[in-house]
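# Close look at the chain arrangement
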Amino acid sequence: MKIIVTDFDGNKHELEALEGWRAMEVIRDWDLPIKAECGGCCSCATCHVYVDDKWLDKLPEPTDEEIERLDDAFDVEDNSRLSCQIILNSDLDGLELQMAPGSEKD
């Protein structure tokens, strides 16, 4: 499976992914500059991404914990999610994400 990630410069990257992995892990492991400070524990907002609108209905609703963490993120939009909370499955093959401000590595 794959996900398509737009980086901070507007470049699109088609990344091979494994079912059951978190989108954040795939982005990080392909060496895109995502901060992801907590490593996927949903205790920060440094893996904030924007989900392409056509994929929003395919994702589970965010948990209260994720919504609370998004309050700490920059430039939150209606399509904002934490990539550590997006668990990949076959229904998400081709998922399109854009890295959001505040999640770039220093």
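A short tour of the structure in this document, coming up. (Residues numbered from 1 in each chain as written. Predicted model: local features only at pLDDT ≥ 70, side-chain atom pairs only at ≥ 80, totals over all residues. Heavy atoms only, no water.)

## Some thoughts on the pattern of salt bridges
Keep this limit in mind: Salt bridges are defined by distance alone: a side-chain nitrogen of Lys or Arg within 4 Å of a carboxyl oxygen of Asp or Glu. The numbering of helices and of strands both runs from the N terminus, where a helix is a DSSP run of H or I of at least 4 residues and a strand a run of E of at least 2. Relative accessibility thresholds used throughout: buried, under 20% of the residue-type maximum; exposed, over 50%; partly exposed, between the two (1.4 Å probe, protein chains only).
In total, this model carries six salt bridges according to the counting rule given. Between Lys54 and Glu96 there is a salt bridge, and its shortest N-O distance comes to 2.9 Å. A residue pair is termed long-range when its members are at least 10 positions apart, and Lys54 in the loop between strand 3 (48-51) and helix 2 (64-70) and Glu96 in strand 5 (residues 95-99) qualify at 42 residues. For Glu96, a relative accessible area of 16% puts it in the buried group. For Arg69, the salt bridge is made with Glu68, and the minimal N-O distance between the two is 3.4 Å. Since its relative accessible area comes to 46%, Glu68 is described here as partly exposed. Within this structure, Glu68, Arg69 and Asp72 form a network of salt bridges that share partners.

## A look at the sheet that holds strand 4 (residues 80-82)
To be explicit about the condition: One bridge is not enough; two strands pair if DSSP finds at least two bridges between them. Only the stretch in contact is used when a helix axis is fitted, and all axes are lines through C-alpha atoms; the angle between N-to-C directions ranges over 0 to 180 degrees.
Pairing is mixed across the open sheet formed by five strands, whose spatial order is 2-1-5-3-4. Looking at the sheet topology across the chains shown, the edges are occupied by strand 2 (12-16) and strand 4. The average angle at which neighbouring strand axes cross in this sheet is 35 degrees, direction not considered. The pairing of strand 1 (residues 2-6) with strand 5 spans four bridges and is parallel. Its bridge partner lying in strand 5, Thr6 is registered against Gln98.

## Here's the deal with the side chain of Thr6
The test is simple: Contacts: residue pairs with any heavy atoms within 4.5 Å of one another.
Along the chain, Thr6 falls in strand 1. When its relative accessible area of 14% is taken as the criterion, Thr6 is described as buried. When sequence neighbours within four positions are dropped, the list of residues in contact with Thr6 reads Asn11, Lys12, Leu97, Gln98 and Met99.

Scope: geometric values only; no functional claims are made or implied.
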